[in-house]
Amino acid sequence: MKKIILTTLAAGVLSLGFASQSALAGEIISVDKDFASPIISLSGYKKIYLEDLDLSDTKIISPPWIEKDNFHWQVTESNLAHLKRRFKEGVEAGLTENNGRYEVVGKEGKGVLIVDVEIISFMPYASKEDTETTTKGSGEFHLSVQLRDGKTRSLIHIFEGTIAVGTDYQPNTDMERTKDAKSLFKSWGKNLRKRLDAAK
């Protein structure tokens, strides 16, 4: 019989108006930091520079219902490269679809908004090899997001918190985790676009 994992946190997530308050979107589990500069606004930015997704210090954390000694999660360089590529493709797709006002550019500069995202940790809801398990989403990202001016690098917005990766019941497979990440990254782009639209 398949096991179904649904944590209290994942089931009881509050949206907290993340799409309107912060730069990116996802079902928020907790907020550690959410600050917008009272001096610099997002108005006037039409060019976006996406920093590479920062995975340099990302930790894989075992969920509390799995014994640490029984939890193993191997990440390859290929996995990391794939996730970085999905990040840029997804955010750019969400930011630019059906809208010609914003352009993703290849370098910083005047009039450019820098988007810098670091994934601090990932907590999957099940062990990687436990493919018989059904989970509600893939797990949780603890992340930091910074928006900066492309010329001065002045901080415009910073968010740090934990968000759900995926919201549907699904098999615990690499394919489903990839789909969740792709959908999440695209939603980040869409909500950044909405935020920029609202700032005009």
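Below: a short report on this structure. (Residues numbered from 1 in each chain as written. Predicted model: local features only at pLDDT ≥ 70, side-chain atom pairs only at ≥ 80, totals over all residues. Heavy atoms only, no water.)

1. Some words on the layout of surface pockets
How we decide: For cavity detection a 1 Å grid was placed over the protein atoms alone, and a set of points counts as a cavity when a 1.4 Å probe fits there but cannot get out; an open set counts as a pocket when protein lies on both sides within 12 Å along at least five of seven lines, with lining residues being those that have an atom within 4 Å of a point. Grid points are joined across faces, edges and corners, and a volume is the space filled by probe spheres set on the points. Put simply, DSSP marks the helices as runs of H or I at least four residues long and the strands as runs of E at least two long, and each gets a number from the N terminus on. Any residue outside Ala, Val, Leu, Ile, Met, Phe, Trp, Tyr, Cys, Pro, Asp, Glu, Lys and Arg is labelled polar, Gly included; the first ten of those are nonpolar and the last four are charged.
Counted as a void, the largest pocket has a volume near 580 Å³. Looking at the largest pocket, it is lined by 22 residues, and the ones nearest its centre are Trp73, Val75, Asn79, Leu83 and Phe122. For the lining of the largest pocket, the elements supplying multiple residues, two or more each, are helix H3 (77-96), strand E6 (112-124) and helix H4 (174-199). Per-element tally for the lining of the largest pocket: the top contributor is H3, with six residues. Of the residues assigned to the lining of the largest pocket, the class counts are 11 nonpolar, seven polar and four charged.

2. Observations regarding the packing of H3 against H4
Selection criterion: Structural elements are reduced to axes, namely lines fitted to C-alpha atoms, with helices fitted over the stretch in contact, and the angle between N-to-C directions of any two is expressed from 0 to 180 degrees. For classification purposes, angles smaller than 35 degrees are called roughly parallel, those larger than 145 roughly antiparallel, those between 65 and 115 roughly perpendicular, and all remaining angles oblique. What makes a crossing left-handed is the near helix being turned counterclockwise from the far one by less than a right angle; a clockwise turn instead makes it right-handed. Contact definition: two residues touch when any of their heavy atoms are within 4.5 Å.
At a minimum axis distance of 7 Å, the contact between H3 and H4 shows a crossing angle of 40°. One finds that H3 runs oblique with respect to H4. Seen from above, H3 lies across H4 with right-handed handedness. Counting all contacts with H3, which are made through His82, Leu83, Arg86, Phe87, Gly90, Val91, Ala93, Gly94 and Leu95, the residues of H4 involved are Thr178, Ala181, Lys182, Phe185, Lys186, Trp188, Gly189, Lys190, Leu192, Arg193 and Leu196. Looking at the contact of H3 with H4 residue by residue, the classes come out as 10 nonpolar, five polar and five charged.

3. A closer look at the environment of asparagine 191
The condition that has to hold: Exposed residues in this analysis have more than 50% of their type's maximum accessible area, buried residues have under 20%, and partly exposed residues fall in between, with area computed by a 1.4 Å probe over protein chains only.
Residue position: asparagine 191 is located in helix H4. Asparagine 191 gets classed as buried once you look at its relative accessible area, which sits at 9%. C-alpha of asparagine 191 to C-alpha of leucine 95: the two residues are 96 residues apart in sequence and 7.8 Å apart in space.

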